[in-house]
Every structure is written in C-alpha cells, then in structure tokens.
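Each chain, letter by letter, is given below.
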Amino acid sequence: MEQTFIMIKPDGVQRGLVGEIIGRFEKKGFSLKGLKLVNVEQPFAEKHYQDLSSKPFFPKLVDYIISGPVVAMVWEGKNIVTTGRKIIGATNPSDSAPGTIRGDFAIDIGRNVIHGSDSVESARKEIALWFPEGTANWQSSLHPWIYE
Ligand code: UDP
Ligand code: MG
C-alpha cells in the first residue's frame, strides 16, 4: 500500500491545528503509520528541502521549519500521495480551495501549515530521512469497511 510523508509545520503546531489535521487524514480512511513531535536542526531542514536549495526563499523556508517543533508523520492508503496533496491544497494559500487544509487555515505561502510529499519517490526518500528507525506495523480492523 502507498505511503506518504506529512509534516505539520511549526505554525500548525503553534496554532493548535495538530488534532484537526490528523483528524482529516483519519476520517478520510487513511492509516497512521508513524508519528513524532520533533525539533529539527538547520542541516536536517536543508536536507529535507534540498531540491529547493537554489530558490530565493530557501533560507527563509529553512528558518521557518526550524522555528519550532514539527509533527512528522507517515500515512498509508490507496493513492495517498496524490490524494494527500489534494487534502493539503495548493502551495500558495491564496490559491488553495476552501475545504483544503491550507485553504481553510492559512493565508501566506511562507506560513502554509503543512507539508506533503509530491511523488511516491519523494515520499520514499522523505520517510527514510525522517523515520530511519522505521514505522509501526499494523492494519486497521476497519480495512474492509474502507476498501472494497
Ligand atoms: N515556499 C515559499 N515561497 C515560495 C514557494 C514556496 O515560502 O515562493 C515555501 C512554502 O512553505 C512551501 C515550501 O516552500 O510549502 C516548499 O515549496 P514547494 O514548492 O515544494 O511547495 P509544497 O510542495 O509545500 O506545496
Ligand atoms: Mg514540495
């Protein structure tokens, strides 16, 4: 089954959106496989966002991610990378539809509350980076009520 890496950014934690965000993924039917609240250091944040290192906003992005604890998670489900990005909404909250996490809870692109992997390959790399210890092995007993 497909997995993705989801991170509630420091603004989401500070604003008390952790329960709301986890609830949206849970209620959809996806399964939580890994979860931790962590502070990351600059080199780690730079590694996570290494594909964006040439962008002008990169230094500010790294400062944002290290400004407080983040909730790092692994979620699992059918087509979760693409569906997870839809639940999150467009990168710039000005373009994020109402009903999406960013559409409902964010205003500025540099305070957009949540990260989600953009491809199965990115998800694989990000899960390996954030959860080198591995993740939990379980299957919801609701599985047959969610999948046909
Ligand atoms: N970002 C920013 N300014 C920009 C573009 C992106 O501050 O012009 C930040 C924003 O927080 C975004 C993150 O950099 O979520 C990573 O950018 P990416 O293009 O990967 O967007 P995402 O995958 O998070 O939607
Ligand atoms: Mg991205």
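Here, every reference points to the structure presented above.
Novice: Is there a simple way to explain the site of ligand 1 in this structure?
Specialist: In the region of ligand 1, the neighbouring residues are Lys 9, Tyr 49, Leu 52, Phe 57, Leu 61, Arg 85, Thr 91, Arg 102, Ile 109, Gly 110 and Asn 112. The contact in question runs from an oxygen atom of ligand 1 to an N or O atom on the side chain of Thr 91, over 2.5 Å. Computed on the free molecule, ligand 1 has an accessible area of 500 Å², of which 77% lies beneath the protein chains in the complex. Among the cavities detected, the one that contains ligand 1 is the largest pocket. The class makeup of the residues in the shell around ligand 1 is five nonpolar, three polar and three charged.

Novice: Could you clarify how one ought to interpret helix H7 (residues 120-130) in this entry?
Specialist: An α-helix turns once per 3.6 residues; consequently, residues spaced three or four apart project the same way. All of the buried residues in H7 are Ser 122, Ala 123, Glu 126, Ile 127, Leu 129 and Trp 130. For H7, the angular spread of the buried residues around the axis is 160 degrees, confining them to a single face. Buried residues along H7 sit against strand S1 (3-8), strand S2 (31-38), helix H3 (42-48), strand S3 (70-76), helix H5 (80-88) and strand S4 (114-116).

Novice: It is not clear to me how the pairing of S3 should be interpreted in this structure. Could you clarify?
Specialist: Where a strand is regular, its side chains alternate between the two sheet faces. In terms of residue burial, S3 counts as a mostly covered element, since seven of its seven residues are buried. Judged by which residues are buried, S3 turns out to be covered on both faces: Val 70, Ala 72, Val 74 and Glu 76 on one side and Val 71, Met 73 and Trp 75 on the other are all buried. Relative to S3, S1 runs antiparallel, the two being bridged by six bridges. Across the sheet, the residue bridging to Ile 6 is Met 73, located in S3. Pairing of S2 with S3, which is carried by seven bridges, proceeds in the antiparallel orientation. Within S3, the residue paired with Ser 31 across the bridge is Glu 76.

Novice: Just to check I follow, could you spell out the layout of surface pockets for this structure?
Specialist: Any empty space left between the atoms is revealed when a probe the size of a water molecule rolls over them. Here the largest pocket is characterised by a volume of approximately 830 Å³. If you trace the largest pocket, you find 26 residues lining it, with Tyr 49, Leu 52, Phe 57, Leu 61 and His 115 closest to the centre. Those elements that place two or more of their residues in the lining of the largest pocket are H3, helix H4 (58-65), S4 and H7. The leading source of residues in the lining of the largest pocket is H7, at four residues. Residues of the lining of the largest pocket, tallied by class, amount to seven nonpolar, nine polar and 10 charged.

Novice: Explain a nonpolar patch on the surface to me, please; I cannot follow it from the model alone.
Specialist: Judged by side-chain polarity, Leu 142, Trp 145 and Ile 146 come together as a nonpolar surface patch covering roughly 380 Å² of accessible area. Structurally, the position occupied by Ile 146 is in helix H8 (residues 143-146).

What counts and what doesn't
- Residues numbered from 1 in each chain as written.
- Chains lettered and ligands numbered in written order.
- Predicted model: local features only at pLDDT ≥ 70, side-chain atom pairs only at ≥ 80, totals over all residues.
- Heavy atoms only, no water.
- Near = heavy atom within 4 Å.
- Polar contact = N/O pair within 3.5 Å; in protein donor to acceptor, adjacent residues only side chain to side chain.
- Areas by Shrake-Rupley, 256 points an atom, 1.4 Å probe, with all protein chains shown as cover.
- 1 Å grid on protein atoms, 1.4 Å probe; cavity = no way out; pocket = protein on both sides within 12 Å on 5 of 7 lines; lining within 4 Å.
- Sits in = over half its atoms within 2 Å of the grid points.
- Nonpolar A, V, L, I, M, F, W, Y, C, P; charged D, E, K, R; others polar.
- Buried < 20%, exposed > 50% of the residue type's maximum accessible area, 1.4 Å probe, protein only.
- Helix = DSSP H or I, 4+ residues; strand = E, 2+ residues; numbered from the N terminus.
- Arc of directions from axis to C-beta.
- Contact = heavy atoms within 4.5 Å.
- Pairing = 2+ DSSP bridges.
- Points joined across faces, edges and corners; volume = space filled by probe spheres on them.
- Patch = residues over 30% accessible without salt bridge, like charges linked within 9 Å, V, L, I, M, F, W, Y side chains within 5 Å.
- Salt bridge = Lys/Arg side-chain N within 4 Å of Asp/Glu carboxyl O.

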